[in-house]
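Tertiary structure, described
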Amino acid sequence: MAKPGARNLITDVPGIRVGQAADPDVRSGVTVILPDDFCVGAVAVAGGGPGTRETDLLGGGRLVGGAHAICLAGGSAFGLAAADGVMAGLKSAGRGFALVPRPGVPPTPIVPSAILYDLANGGDKDWGETAPYAAMGRRAFDAAGETFRLGRAGAGMGARAGLAPGGTGSASIVASDGLTVGALAAVNAFGSVRIPGSDAFWAWPYEIGGEFGGQRPDPSQDFDPEDWGAAKANPAPRENTTLACIATDADLTREEAERVAQMALAGMARAIRPVFAPTDGDVIFVLATARRQLGEARPMQIARIGELAASTLARSIARGVYESEKQEAGA
């Protein structure tokens, strides 16, 4: 039977670490997903208002087809500079892509990135001529490890999930044969993560071990399909985004990783309503560390990984909001 990994975090996938940094005054932050080695990667962009960097490199027919790190940040377009700090850390470690290595020519770190909008959350955004995101990106890189804080942390530091506090969530699942899939989400959604008129999360069918409170809906209660519950009242472009990264130890090809990314979009739809709207910037990255060989019957294996990714992502989204609510309640 499949069950969460030892930490119930994306870092249960062997070879994956996560680093985070935040500025409580700015009310924003950065999350870096850092594989030990260059990974095959893919991306799926579903929202109508995304903010991204280097995602074209993960598309079909591109030269690189993978990444040294994934960077998620607040700050809207200012937050894209967080990848500069991550690149600096990778360069100092001698990591990067070089088609033909040459003495004196540094390899180029590949750091696909995406941002969410938290500029209107009440934090101090008067940072002068230099935005704080490159520095936060470097601090997040330096902090990378196997454990990290959920809720009001990293890229989800200043996020909102509908009318609820947003945040950073993560979860993992280890299949009976040892195959591991992990997810991380920074939740800043327009839509609500809870069923209208209920404390239950939309993701409740996928919850394992009460990881986000164990609330269940009233089976006798109907809801109006036009009732969006605790969604944001006045969404604006880029203000509404869920960013996510899926990691697995399977030896996916770039095309297989792209299929997993597309299947994982279902996890957002299971956890947030509405989702993928014109004002949303929803993005999912996939990294495959290739430590486990899939062998034969690969199409069925990809279907299996994609479904595990979707359900694990739904759990991550609910966990991020749940942990943020606990932190705000205890503040």
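In this report, the structure presented in the accompanying data block is examined. (Residues numbered from 1 in each chain as written. Predicted model: local features only at pLDDT ≥ 70, side-chain atom pairs only at ≥ 80, totals over all residues. Heavy atoms only, no water.)

Things to note about helix α3 (residues 254-271)
Note that an α-helix has 3.6 residues per turn; residues three or four places apart therefore point the same way. Taking 1.5 Å of rise per residue, 18 residues should cover 26 Å, and α3 covers 26 Å from first to last C-alpha, within 8% of that figure. Looking only at α3, the buried set comprises R254, E256, A257, V260, A261, A264, L265, G267, M268 and A271. Buried positions along α3 lie against β3 (39-45), β12 (241-250), β13 (283-292) and α4 (298-330). (Helix = DSSP H or I, 4+ residues; strand = E, 2+ residues; numbered from the N terminus. Expected span 1.5 Å × (residues − 1). Buried < 20%, exposed > 50% of the residue type's maximum accessible area, 1.4 Å probe, protein only. Contact = heavy atoms within 4.5 Å.)

Regarding the sheet that holds strand β5 (residues 66-67)
Across the sheet, 6 strands lie side by side as β5-β3-β13-β12-β11-β10; this open sheet has mixed pairing. Sheet topology places β5 and β10 (167-174) at the edges, where each strand pairs with a single neighbour. Of the pairings in the sheet, the one linking β10 to strand β11 (residues 180-188) comprises 8 bridges and is antiparallel in character. Bridging from a neighbouring strand, I173 pairs with V181 of β11. Along the sheet, α3 contacts β3, β12 and β13; its crossing angle with β3, the most-contacted strand, is approximately 40 degrees. Across the sheet, α4 touches β10, β11, β12 and β13, and the angle it forms with β10 is around 140 degrees. (Pairing = 2+ DSSP bridges. Axes fitted to C-alpha atoms, helices over the stretch in contact; angles between N-to-C directions.)

Quick look at the pattern of salt bridges
Inspection of every chain in the model, using the stated rule, returns 18 salt bridges. Ionic pairing is found between D36 and R17, a salt bridge with its closest N-O pair at 3.5 Å. Of this pair, D36 sits in the loop between β2 (28-35) and β3 while R17 sits in strand β1 (residues 16-23), placing them 19 residues apart in sequence. On the basis of relative accessible area, R17 is assigned to the partly exposed category, the value being 29%. Among the ionic contacts, a cluster of salt bridges with common partners joins R7, D12 and E146. (Salt bridge = Lys/Arg side-chain N within 4 Å of Asp/Glu carboxyl O.)

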